[in-house]
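# An overview of the molecular structure
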Amino acid sequence: MGSAMFTGVSALQVNQRSLDVIASNIANVNTTGYRSSRVLFQDQFSQTIAGPRQPVARFGGVNPQQIGLGVKIASIDVNHSQGSLFTTGIASDLAIQGNGFFVLSEGGREGFIYTRDGSFGLDQTGTLTNPATGAVVQGFLADENGFIDTTLPLQNIVVPVGSQSLVRATTQVTFAGNLDSETPGPTEIAGDPDLTPQNGSFQRTVRVFDSLGAGREITITFTKTDNTNEWTWTADDNDPATTVAGTGTMQFSPTGDLIAVTNETISVAFDPPPGSSQPIDPFEFTVNFNQLTQLADDSDASVVSQNGFPRGTLELFNITQDGIINGVFSNGLTQTIGQVAIASFANNGGLERIGDNAFRDTPSSGNPQIGLSGTGNRGRVSGGVLERSNVDLGIEFSNLIITQRAFQANARTITTSDTLLQEVVNLIR
């Protein structure tokens, strides 16, 4: 009778712990990136009344006789299954689809911490942080050319909104379109008084940028030669302080395809600005005419791209599925700023909760395997979304009922044992 009471007490204790876990799960049903937990039970020691006996002679073996002495908690496991995603429209909000954790650094804590809560924001310096704790998101920063070296140590992710971008002198201009094959050449113009030199040429103006980011208007003139399938091009600038040099010849096939260009380079030089003896650095750029045709249709050749840009201010940023942060500048430039790091573990269940939706690695979890989104067994990062808690209220309420009934049943065990003890005490009357 005494052991029955203590067995009942042990059951009340473990079911109380189970109730605590369920209550925590339900309380965090709306916590971003929360991972639910479950309690697993295990029996305690057993009292052996009679041990097993080997079979002898004509008698068979005898099984042991044992009485269980209660129940204990075997483990409290964390469920790391995927939670549902929802759109927030905030560029700094992140979620992971699949396995992995964001890597964060706290100033007063040694090492990194890990979380599925991607509700990040930018502080006054543009650093990507968890605004609730101040922990800084870790990743890899890009150099001035947008290249990311993932072999370097992790760094704080900084998105310098409002900063100025570097200017870039134009090095490549691309034309596309058509030059009218019926455009008259010089001989036709000279032999017909109704034709003027302008009838044999076609002009387009392209805006390019020098080494200081200043825009320069360069006029490209296409002129038909006496050769049916040949055009010349020349570059010019109306600014007397600018010297533009560039001319070449284009050959087209009988079907209108460009087959040869004698020169594709334009150089631009400048006189020193007034009051200065230091001239602006000259530059040159290549003109790509490969997308031009010569067909019997209106001339509509135009510039489709040029790779120079003036100074601009970082206004917006977005994060791709690879965790790459792209900055959008006011001058139209889009440049890679950095990439968010993702950590995975051999045993997610071995991670230790440390509060604030964060975990810390332990010997049981194994060392973090830090890498990029979508590599190894790491999931992909989504920007502008967050991950909900993976708590299933239907399961939690079912477990709540089961735990309540188990608590009630074991309480009856204690009251029944008490009644029997009371009867034993009454025997002396």
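Whatever comes next refers back to the structure up there.
Right, let's walk through the structure included here. Keep in mind it's a predicted model, so treat the numbers as computed, not measured. (Residues numbered from 1 in each chain as written. Predicted model: local features only at pLDDT ≥ 70, side-chain atom pairs only at ≥ 80, totals over all residues. Heavy atoms only, no water.)

### Re the nonpolar core
Applicable threshold: Buried residues of nine kinds, namely Ala, Val, Leu, Ile, Met, Phe, Trp, Tyr and Cys, make up a nonpolar core once their side-chain atoms join them within 4.5 Å. Relative accessibility decides the category of a residue: with a 1.4 Å probe and only protein chains considered, values under 20% of the type maximum give buried, values over 50% give exposed, and everything between is partly exposed. Put simply, DSSP H or I for four residues or longer makes a helix, DSSP E for two residues or longer makes a strand, and each gets a number counted from the N terminus. By definition in these notes, contact holds between two residues if any of their heavy atoms fall within 4.5 Å.
Membership of the largest hydrophobic core comes to 26 residues, with the highest contact counts inside it found for Phe222 and Met250. At five residues, strand 21 (residues 283-295) tops the list of elements feeding residues into this core. Each residue touching phenylalanine 222, except ones within four places of it in the same chain, is listed here: Phe175, Leu179, Gly200, Ser201, Phe202, Trp231, Thr232, Trp233, Met250, Phe289 and Leu292. In terms of nonpolar packing, the next biggest core, distinct from the first, is built from 23 residues, Phe102, Leu104, Phe120 and Val137 among them.

### What to know about the environment of glutamine 16
Its place among the elements puts glutamine 16 in helix 1 (residues 2-27). With 207 residues separating them along the chain, glutamine 16 and threonine 223 place their C-alpha atoms 91 Å apart.

### Describing the pairing of strand 14 (residues 201-209)
Looking along a regular strand, one sees side chains alternate from face to face of the sheet. Test applied: Criterion used throughout: strands pair if DSSP finds at least two bridges between them.
Both strand 14 and strand 15 (residues 215-224) contribute to a ladder of nine bridges, which runs antiparallel. If you follow threonine 205 over to strand 15, its bridge partner there is threonine 219. Joining the antiparallel neighbours strand 14 and strand 15 is a turn of five residues, in which glycine 213 adopts a positive phi near 85 degrees.

### A closer look at the sheet that holds strand 19 (residues 258-261)
Neighbouring strands of a sheet are bound in pairs by backbone hydrogen bonds; such pairs are parallel or else antiparallel. What counts is decided by this rule: Every axis corresponds to a line fitted to the C-alpha atoms, with the helix fit spanning only the stretch in contact, and the corresponding angles, defined between N-to-C directions, vary from 0 to 180 degrees.
Reading across the sheet, the five strands line up as 14-15-16-18-19 and stay open at both edges, with antiparallel pairing between neighbours. Edge positions in the open sheet fall to strand 14 and strand 19, since each of these has one partner strand only. With strand direction ignored, the average angle separating the axes of adjacent strands in the sheet is 25 degrees.

### Section: the packing of aromatic side chains
We apply this condition: By convention, a stacked pair of Phe, Tyr or Trp rings (six-membered ring in the case of Trp) has centres within 6.5 Å and planes under 30 degrees apart, an edge-to-face pair has planes over 60 apart, and any other such pair is tilted. For a lysine, the NZ atom is tested; for an arginine, the CZ atom; a charge sits over a ring if that atom is within 6 Å of the ring centre and within 35 degrees of the ring normal.
Scanning the model with the defined rule gives ten aromatic pairs in all. Residues phenylalanine 101 and phenylalanine 345 carry aromatic rings whose centres are separated by 5.9 Å and whose planes lie at 70 degrees to one another, so their mutual orientation is edge-to-face. Of this pair, phenylalanine 101 sits in strand 7 (residues 101-105) while phenylalanine 345 sits in the loop between strand 25 (334-344) and strand 26 (352-355), and the two are 244 residues apart along the sequence. For the pair formed by phenylalanine 101 and phenylalanine 345, the shared burial category is buried. An angle of 50 degrees between the planes, with centres 5.4 Å apart, marks the rings of tryptophan 233 and phenylalanine 289 as tilted. Of the two residues, tryptophan 233 sits in strand 16 (residues 230-236) while phenylalanine 289 sits in strand 21, which places them 56 residues apart along the sequence. With respect to class, tryptophan 233 is no different from phenylalanine 289; both count as buried. One aromatic cluster is present, formed by Phe175, Phe202, Phe222, Trp233 and Phe289 through successive ring pairs. When the ring centre of phenylalanine 86 is taken as reference, the NZ or CZ atom of arginine 388 above it lies at 4.2 Å.

### Here we look at the pattern of salt bridges
Side chains bearing opposite charge may pair, as long as their charged atoms lie close to each other. Note the cut-off: A side-chain nitrogen of Lys or Arg and a carboxyl oxygen of Asp or Glu constitute a salt bridge if their distance falls within 4 Å.
Here the structure, examined in full by the defined rule, presents eight salt bridges. Taking the shortest distance from any N to any O, the salt bridge between glutamate 217 and arginine 207 comes out at 2.8 Å. In this pair, glutamate 217 is assigned in strand 15 and arginine 207 in strand 14, connecting sequence segments ten residues apart. Under the relative-accessibility criterion, glutamate 217 is labelled partly exposed at 39%. Notably, a salt bridge pairs arginine 216 with aspartate 210, separated by 3.0 Å at the nearest N-O pair. By relative accessible area, arginine 216 is classed as buried at 14%. On the basis of relative accessible area, aspartate 210 is assigned to the buried category, the value being 0%. Salt bridges sharing common partners tie together Arg35, Arg116 and Glu387.

### Focus: the sheet that holds strand 17 (residues 242-245)
Pairing is mixed across the open sheet formed by five strands, whose spatial order is 17-20-21-13-22. Each of the sheet's edge strands pairs with one partner strand only, and the pair in question is strand 17 and strand 22 (302-306). Neighbour to neighbour, the strand axes of the sheet diverge by 25 degrees on average, direction disregarded. Summarising the sheet, strand 13 (residues 172-180) and strand 21 pair through eight bridges and their orientation is parallel. Across the sheet, the residue bridging to valine 173 is valine 287, located in strand 21.

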